[in-house]
Amino acid sequence: MPRTSAFVRLLAACLPPDARRDLFEPAIHDLYAESARTGRGTGLASVVIFLECWRLAPSEVSAMFLHDVRHALRLLVREPGFTLAAIVTLALGVGANAAVFAVVNAVLLRPLPYPDADRLVLLQHRDRRTGITKGFIAIGDFVDIRARQQSFESLGGFGAGPGTVYGQGDPFDVSSLMATSELLDALRMRPVLGRSLTADDSRAGAAPVIVLGYDLWQQRFGGSPAVVGRAITIGSTTSQIVGVAPAGFRFPQNARTDVIASIEIPVRAPAERKSGWTFGVARLKPGVTMEKALADLSAVSRQMEQEHPAANQGSEYFAIALRDWMVGDTKGALLLLLSAVSLVTLIACVNVANLLAARAVGRRQEMAIRVAMGAGRSRLIAQWLTESLVLAIVAGVVGILVAKWMIPTLVSMVPTSINLPELAGLGVDRRVLAFTAGLTLLTTIVFGLIPAMGIRIENAVGALVNPGRVTAGAAARRASSALVVIETALAIILLTGAGLVLHSFARLLAVDPGFRTDRVLALDIALPADRYREQPAREAFYARAFDSLRRLDGIESAGAAVVMPLTGNNWTVGFDRSDRPVPAGQRPPDVGWQAATGGYFAALEIPLRAGRVFDDRDRPDHQPVVVISETIRDRFFPGENPIGRRVRSDNGDAEIVGVVGDIRRASLTDQPRADMYFPLEQSPQTATTLFIRTREDPMASLEAVRAALRGIEPRIVMRDITTLDAVARESLQITRLALSLLGAFAIAALGLAAIGIYGVMSHSVRQRTREIGTRLALGASGSDILWLVMRDGVLVAALGIAIGLACGQAAARALSALLYGTSPADPLTLGLAVTVLLGVAALACYLPARRATQVDPVKTLVTQ
Amino acid sequence: MPTKRIPRLTHLQFLVLGLLRDGEQPGRVIREAIAAHGVKRSAPAFYQLMARLERDRLVDGWYEQVTVGDQAVTERRYRLRAAGARLWAEARDFYTALIDRAVERLSDA
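Residues numbered from 1 in each chain as written. Chains lettered and ligands numbered in written order. Predicted model: local features only at pLDDT ≥ 70, side-chain atom pairs only at ≥ 80, totals over all residues.

(A) Up close: the overall build of chain B. Helix and strand counts for chain B come out as 4 helices and 3 strands. Secondary structure elements in chain B, listed N-terminal to C-terminal, are α-β-α-α-β-β-α. With 109 residues in all, chain B has 27% of them scored as buried. Counted over contacts in chain B with a minimum sequence separation of 6, partners at least 24 positions apart contribute 59%. (Helix = DSSP H or I, 4+ residues; strand = E, 2+ residues; numbered from the N terminus. Buried ≥ 20, exposed ≤ 12 C-beta atoms within 10 Å, placed from the backbone. Contact = placed C-beta atoms within 7 Å.)

(B) Up close: the packing of helix H23 (residues 733-767) of chain A against helix H25 (residues 782-815) of chain A. Residues and elements named next belong to chain A. Where H23 meets H25, the closest approach of the two axes is 11 Å, and the angle between their N-to-C directions is 145 degrees. Crossing angle aside, the handedness with which H23 passes H25 is right-handed. Residue-level inspection shows Ile757, Met761 and Val765 of H23 in contact with H25, the latter providing Val789, Gly793 and Ala797. Grouping the amino acids of the contact of H23 with H25 by side-chain chemistry returns 5 nonpolar, 1 polar and no charged. (Axes fitted to C-alpha atoms, helices over the stretch in contact; angles between N-to-C directions. Left-handed = near helix turned anticlockwise from the far one by under 90°. Nonpolar A, V, L, I, M, F, W, Y, C, P; charged D, E, K, R; others polar.)

(C) Broad picture of the packing of helix H2 (residues 17-38) of chain A against helix H3 (residues 43-55) of chain B. Axis separation between H2(A) and H3(B) bottoms out at 8 Å; the angle between their running directions is 125 degrees. With respect to their mutual orientation, H2(A) and H3(B) come out oblique. Crossing of H2(A) over H3(B) shows right-handed handedness. When H2(A) is examined against H3(B), the residues Asp22(A), Leu23(A), Phe24(A), Pro26(A), Ala27(A) and Asp30(A) are found in contact with a partner set consisting of Ala43(B), Pro44(B), Tyr47(B), Gln48(B) and Ala51(B). Class assignment of the residues belonging to the contact of H2(A) with H3(B) gives a composition of 8 nonpolar, 1 polar and 2 charged. (Parallel < 35°, antiparallel > 145°, perpendicular 65-115°, else oblique.)

(D) Just the nonpolar core, in detail. Grouped together as the largest cluster of nonpolar side chains are 176 residues, with contacts concentrated most on Val344(A), Ile347(A), Leu494(A), Ala738(A), Ala749(A) and Ile757(A). Ranked by size, the runner-up nonpolar core spans 57 residues in total, among them Ile137(A), Ala245(A), Ile260(A) and Met304(A). (Core = buried A, V, L, I, M, F, W, Y, C linked by C-beta atoms within 7 Å.)

(E) Examining H25(A) more closely. For H25(A), with 34 residues, the first-to-last C-alpha span of 46 Å sits near the 50 Å given by 1.5 Å per residue. Along H25(A), the sharpest change in direction is near 40 degrees and occurs at Gly808(A). (Expected span 1.5 Å × (residues − 1). Bend = angle between axes of the 7 residues up to and from the residue.)

(F) Layout of the sheet that holds strand S3 (residues 71-80) of chain B. Pairing in this open sheet of 3 strands is antiparallel, and the strands run S1-S3-S2 (chain B) from one edge to the other. On the outer flanks of this sheet lie strand S1 (25-26) and strand S2 (59-68) of chain B, each paired with one strand and no other. Of the pairings in the sheet, the one linking S2(B) to S3(B) comprises 10 bridges and is antiparallel in character. From the neighbouring strand, Gln65(B) faces S3(B), where its bridge partner is Thr74(B). Across the sheet, H2(A) touches S2 and S3 of chain B, and the angle it forms with S3(B) is around 130 degrees. (Pairing = 2+ DSSP bridges.)

(G) Structural context of the interface of chain A and chain B. Residue-level contacts link 16 residues of chain A with 16 residues of chain B. Take the side of chain A that touches chain B: its biggest share by element is 11 residues, from H2(A). When grouped by side-chain class, the residues that make up the side of chain A that touches chain B number 11 nonpolar, 1 polar and 4 charged.

(H) Looking closely at the environment of Glu52(A). Along the chain, Glu52(A) turns up in helix H3 (residues 43-56). Between the alpha carbons of Glu52(A) and Phe24(A) there is a distance of 8.9 Å; along the sequence they are 28 residues apart. When residues no more than four places from it in sequence are discounted, the contact partners of Glu52(A) are Ser42(B), Pro44(B) and Ala45(B).

(I) Spatial organisation of the pairing of strand S22 (residues 687-694) of chain A. All names here are of chain A. Among the 8 residues that make up S22, 7 are buried, leaving the element largely enclosed by the rest of the structure. Of the strand pairs in this sheet, strand S13 (residues 520-526) and S22 are connected by 7 bridges, and their pairing is antiparallel. Bridge pairing in S22 places Ala526 opposite Ala687.

(J) Broad picture of unusual backbone geometry. Here the bond from Phe251(A) into Pro252(A) is cis, since omega is -10 degrees, no more than 30 degrees from zero. Along the chain, Pro252(A) turns up in the loop between strand S9 (237-244) and strand S10 (259-262). Despite not being glycine, Asp720(A) shows a phi value in the positive range, around 50 degrees. One can find Asp720(A) in strand S23 (residues 717-723). Its identity is not glycine, yet Arg57(B) carries a phi of approximately 60 degrees, on the positive side. Along the chain, Arg57(B) falls in the loop between H3 and S2.

(K) Inspection of the environment of Val288(A) at higher detail. Residues and elements named next belong to chain A. With respect to the helices and strands, the residue Val288 is situated in the loop between strand S11 (277-284) and helix H9 (290-307). Counting along the chain gives 136 residues from Val288 to Phe152, while the straight-line C-alpha distance between them is 8.1 Å. Ignoring anything within four residues of it in the chain, the contact list for Val288 reads Ser151 and Ala293.

(L) Here's a closer look at the confidence of the model for chain B. Residues and elements named next belong to chain B. When pLDDT is averaged along chain B, the result is 88, and 95% of the positions lie at 70 or above. Mean pLDDT per element in chain B: helix H4 (residues 82-108) is the minimum at 88, and S1 is the maximum at 94. Predicted as a complex, the structure gets a pTM of 0.67 and an ipTM equal to 0.89. (pLDDT = per-residue confidence, 0-100.)

(M) Region of interest: H9(A). Residues and elements named next belong to chain A. Between its first and last C-alpha, H9 extends 26 Å over 18 residues, near the 26 Å set by a 1.5 Å rise per residue. Within H9 the residues assigned to the buried category are Ala293, Leu297, Val300, Ser301 and Met304. In an axial view of H9, the angular spread of the buried residues amounts to 105 degrees, which keeps them on one side of the axis. Facing away from the buried side of H9 by over 90 degrees, the exposed positions are Glu291 and Gln306. Those residues of H9 that are buried are in contact with strand S1 (120-127), helix H6 (139-148), S11, helix H10 (309-312) and strand S12 (315-321). (Arc of directions from axis to C-beta.)

(N) Focus on the environment of Gly95(A). Residues and elements named next belong to chain A. Among the secondary structure elements, Gly95 is positioned in helix H5 (residues 80-109). Sequence separation of Gly95 and Ala403 is 308 residues, and the distance between their C-alpha atoms is 4.5 Å. Gly95 has contacts with Gly399, Val402, Ala403 and Met406, leaving out every residue within four places of it along the chain.

Written as structure tokens, this is what we have:
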């Protein structure tokens, strides 16, 4: 071959000699000449020529390939120790990688079940003053955005939640999607029976209509076509069934959609822009990019801010891909884990490459014989690569079994908020198989090519003449050391990553949320709307219910609230002192919103700092009252006593009756925020969440609680029964997932690195037996030899650690989103990781070093 | 006297050998010339054809360095051997005779 790139030489080496000489070489020369004339690149065209040569020379290639495969299989059987070590190492790497990919594929890569789902976006609101971002949009803003935007072909509003169906036998729970017709248009939902929602269904005063979900239609209505036109009562609303959604339709994707009800959206923005809230989903117009849509939303936001400063000052709307909203924080964590597991696979490849390199030295005589019989370097490389491929395929098959075993464990660790139906029964599908096959090929190249490139036929004669003194050359030893440097560098990256997440997790566990999560039972309740339409009925129910619950054995306190803490809720309300209202045309600052009973503070043990919490005095017909958190007091009443002061609310001026401690309401990583509490006693709801503090295990009291509530209202619906501890655990699930897997990967990396260092040092000691024997004969002591060997190993490991730490900073920055209270450059974590890895490296060097001290100098010199 | 034996050359081989009757040529030029006759071949497929002609000792092939712009590149050149010229002539005679006979029959009819 003339002057060509290393890549082209590599391609040529993979071809049988005849095909290379007759087909590939002249074709490549023509390509280079063409490139010289036109200036075009040759990379891709070289590959095309290579593939064409393979296609044209099938008989020669397949004969050569089959011969090499048979030879490789014989070698694997002949060396069971090597085979087992290599296959287990690779299979674990490939299997873990395939398992993580299967989850990534299901959560991040598989298209959402809507046509052209990548054009669907969710609208988001950002308050520039507080930085708080939330998905729900004030109804006035929604109407204006819908009218003014130019980027979306349809923009629909929706909400989702549970409901109870009455009048169809026993009451039963349904999961409802409340939507406008534009949402269903955006999702391209086509009913299988009847019609979809229309714009008229969302007009004020329109008769309520619903579209049944397919499963509910089949299960509760027997799939009867006559269901269209019938009435159905959900909660307190009776609606007419107008259609049936197609099988499998669900929105949001992680929730069941039993019914789709129309919601009322005014045609013109109401004067009170925050009189209602909705989520917004839109479909980008053909040809409109996300950037253009964002610019459009930004322009509309600025217009609304100028027109309605009192409501929109600091408000900014933008959009995110619907998938990003659905997968939330899991996206970053999963991609991080995929990167981490890829590093483990890479370390496994490096280890196997080391094993192969060591074996290559032992096979130099065999190679020499092949060279003597006419095999060229390229032929040897092709044989070597085929052997690697056979090894990788066996490891890939075992890896798939490993993946099948790991996938259910991984799925169980994905947060329940990412409850995608695709995750249930997730297994090894075609995509995962294709990924594994690709990975297997890649590993072949990585671990097979390194030792193959080390083949030197010039030394073959020496190996043939004097087989007893076959040793690895300095270049081969340097290559082995380089591999150890690589795997130590990769291991330190994983180790520091796992250490940082562990440190962060420990800090999260130590965070004081401002309330106690232990021994609190939490359950959602829904009262039959027909019996509790009137406020006095609801008031009477709650009075009897709390009284009854507090009398139960094992119950300390009970309360109710609307917002479940630690679930990411960011509902806010404007804070406006009645005596010092914000100037006209300005928007009052936002504070957190919660509606709760007095018992809620007791059940969660939120400390009372001043005044009182809500109690029997706070009846619906009494003076509106609120309770504020400490931060509100400190920020808005510095040096004053806020008790007795008044703030503006929707129900007129409300009196501040108490100050309670701050809590981390949205999540443990959240800073304690200013919160304002409104009394549920003054506006009891038909649906709310009960919080019950028990003396023992809260689940042990569940039956008594159920019986007590059913004793008061037999038709009460109780759902989402959990404990506050479980909610807190779930809120940390992403961090826990990252910690568990990163920890496992780091341990695997540490183990593999130790094996790698041990292997290389053992091999090195064997190769240097003569030198060590000579040194001992010349008077070197055992400790001198121990130091000599250990110094080499530890130096190589230290070099790897230094390189890994430098490269690892970029990786640590990628971790930032998962870290809490821990810097990516946390010196304690870095120091510990370095110490552990150096310790393991020293241990891995010690055993071969000790063996080196036991070399018999006389015997060695005589033999050599 | 025209031969009655069916030619050993394929149409494509006949075309290539015919192109080489005018003198030695680089493979690239031959490939472009047969492409002008509507026979498109990838570079490896074309050189497979040429390798078979070389193996049958109908052409000689060798590498030669030429300068393109300011770059030295290598190209494979071919020249017709006597055996190739003889086979090409036989094939040409066969086809000529075939055409003559066909013309005669058409005239008789």
